[in-house]
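If you want the building blocks of each chain, they are given just below.
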Amino acid sequence: MISSAVRDRGRTRARSGRRAALVAAVVSTVAAGMVVAFAGTASAGTTLATAAAEKGRYFGAAVAAHKLSDTTYVGILNREFNSVTPENEMKIDATEPQQGQFTFANADRIVNHARANGMAVRGHTLAWHSQQPSWMQNMSGTALRQAMLNHVTQVATYYRGKIHSWDVVNEAFADGNTGARRDSNLQRTGNDWIEAAFRAARAADPGAKLCYNDYNTDGQNAKSNAVYAMVQDFKARGVPIDCVGFQSHFNSASPVPADYQANLQRFANLGVDVQITELDIEGSGTAQANSYATVVKACLAVARCTGITVWGIRDTDSWRASGTPLLFDGNGTKKPAYTATLDALNGGTPVPTTTPPPTTPGPTTPPPTSPPPSGGCAASMTVQTWTGGFVATIRVTAGAAGTNGWTTSVTLPSGATVVNAWNSQRSGDTGTVRFSNVAYNGQLAPGQVTEFGFQATGVPPAGSPSCAAS
Ligand code: G2I
């Protein structure tokens, strides 16, 4: 959906600038609570990050601070990814090794690298039964509850404004068929420990998406059903939860479930985002490549699946290196799994699924054939309608002075509501809705064109959008 003019201009920019713009667009859109979905023909991204960004998603990797001096590792990281998750550096034992003494040096190395290169950061993790420092392992009861809440508050406060999503609580449910909580010292402080952690995280960093993260929840089973019931309960009672992370560690004994997409969708239907947080798939060759493609396609098919993180970069970086579960081999060479992942990112064509017959006359304003406007900017709109909804594509053409930024306004008829938008920042969803440029498409040369779009329920407006340049 990014116009060729913008694409071409983007290629001439510094790589980090373009990445920052894409991440800003994707993450700010996500942070604004919008569901991002792309329709129509996307241009092909040449890296995981750009291909995912063109679908409104991020593509991340787990990163280890001590590998940031490895030039092959960093080269792949900076080229291919626009989100990072510290693999171990934000865990409780790393950030609070002695009670009340916080150490952020290694996590900061990753956060600083990410920010310097325009990447978003997923925080992992604030409360977990594992990787507790020994002082916490030995605690129980009220003292442990207070220590846990203090940890959540201190770490989330320290990183306030720098984390797009936090794994607030990790792996709190038991494996097997019980659907029970996992026994742990945290669980023994009372069943409400999870919601207490989420409330503390929200208070400390109101801008971060707050996720529950777990494994063996990737298909419908007793464990995922229990997580589902918790999320449903949290939403009903107003406990702050924004997203569910599906770790997605797969191998032959635990392959991608047949109902993977359906499972993501049922969680999304609860009103939370879903994220694939620790993807790795043991194997090699075509079988591994096909499994990666299945996962990517599932995410793209779920409008609220906002991004994918793989759990490491090269096979040799993996926590289970012998299973060669990642997208690059030990030399940093792209594997078939990489190509399948990139192709799936480029090939996904999500909503809408129902389009009108080609003869349906939509209330369409043709693209401008006249010269560029003398000042400011002009906007024209084409729409694709179907029963109950439509997708609008809006072309913004810069006037004789070019633009530093632009805002278009569209007045929707009663009953129409915007549900998704892309390549723009939206304000409002009914009545007069304003769409402004995002970082990478605000500056237009005289006569230059860029496009953005939105999807809405109801019927499209009859009038043309207005355009104001800055
Ligand atoms: O086990 C795979 C992942 C499952 N979900 C939660 C993730 O946090 C978890 O990641 C792994 C890391 O990939 C490993 O790197 O978590 C393990 C335990 O925290 C990590 O292993 C630890 C080792 O246990 C430590 O001995 C070691 O010092 O890695 C540390 C740093 O290399």
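Novice: Go over the packing of helix α12 (residues 285-301) against helix α13 (residues 336-347), please, and point to the residues and values.
Specialist: Two numbers describe how α12 lies on α13: the axes approach to 8 Å, and their chain directions differ by 25°. It follows that α12 is roughly parallel to α13 by the angle criterion. By crossing handedness, the relation of α12 to α13 is classed as right-handed. Contacts between α12 and α13 involve Gly285, Gln288, Ala289, Tyr292, Ala293, Val296, Lys297 and Leu300 from the former and Pro336, Ala337, Ala340, Thr341, Ala344 and Leu345 from the latter. Classifying every residue of the contact of α12 with α13 gives 10 nonpolar, 3 polar and 1 charged.

Novice: With reference to specific residues and values, describe the packing of aromatic side chains.
Specialist: Evaluation of the coordinates by the stated rule reveals 11 aromatic pairs. On the basis of an interplanar angle of 85° and a centroid distance of 5.4 Å, the ring pair of Phe104 and Tyr159 is categorised as edge-to-face. Note that Phe104 is positioned in the loop between α5 (92-95) and α6 (105-116) and Tyr159 in the loop between α8 (141-158) and β4 (165-170), a separation of 55 residues in sequence. The pair Phe104 / Tyr159 is uniform in exposure class, with both members buried. Arranged with centres 5.4 Å apart and planes meeting at 85°, the rings of Tyr228 and Phe267 form a pair that is edge-to-face. One end of the pair, Tyr228, is in helix α10 (residues 222-237); the other, Phe267, is in helix α11 (residues 260-268), and 39 residues separate them in sequence. Aromatic rings pair up to connect Phe102, Phe104, Tyr158 and Tyr159 into one cluster.

Novice: I'd love a proper account of the sheet that holds strand β17 (residues 466-469), names of residues and values included.
Specialist: Reading across from one edge, β14-β15-β12-β17 is the order of the 4 strands in this open sheet, with antiparallel pairing throughout. Looking at which strands have only one partner, the edges of the open sheet turn out to be β14 (425-427) and β17. Taking each pair of neighbouring strands and ignoring which way they run, the sheet shows an average axis angle of 20°. Here 4 bridges tie strand β12 (residues 406-411) to β17, and the two strands are oriented antiparallel to one another. Of the residues in β17, the one forming a bridge with Ser409 is Ser466.

Novice: Can you tell me about the site of the ligand, naming the residues and giving the values?
Specialist: In the region of the ligand, 13 residues are neighbours, and Glu87, Lys91, His124, Glu171 and Glu278 sit closest. Residue Lys91 places a side-chain N or O atom 2.7 Å away from an oxygen atom belonging to the ligand. One of the side-chain nitrogen or oxygen atoms of His124 is found 2.7 Å away from an oxygen atom of the ligand. Expressed as a share of its isolated accessible area of 620 Å², the protein-covered part of the ligand is 59%. Split into classes, the residues belonging to the shell around the ligand amount to 3 nonpolar, 6 polar and 4 charged.

The rules behind these values
Residues numbered from 1 in each chain as written. Predicted model: local features only at pLDDT ≥ 70, side-chain atom pairs only at ≥ 80, totals over all residues. Heavy atoms only, no water. Axes fitted to C-alpha atoms, helices over the stretch in contact; angles between N-to-C directions. Helix = DSSP H or I, 4+ residues; strand = E, 2+ residues; numbered from the N terminus. Parallel < 35°, antiparallel > 145°, perpendicular 65-115°, else oblique. Left-handed = near helix turned anticlockwise from the far one by under 90°. Contact = heavy atoms within 4.5 Å. Nonpolar A, V, L, I, M, F, W, Y, C, P; charged D, E, K, R; others polar. Phe/Tyr/Trp six-rings, centres within 6.5 Å; stacked < 30°, edge-to-face > 60°. Buried < 20%, exposed > 50% of the residue type's maximum accessible area, 1.4 Å probe, protein only. Pairing = 2+ DSSP bridges. Near = heavy atom within 4 Å. Polar contact = N/O pair within 3.5 Å; in protein donor to acceptor, adjacent residues only side chain to side chain. Areas by Shrake-Rupley, 256 points an atom, 1.4 Å probe, with all protein chains shown as cover.

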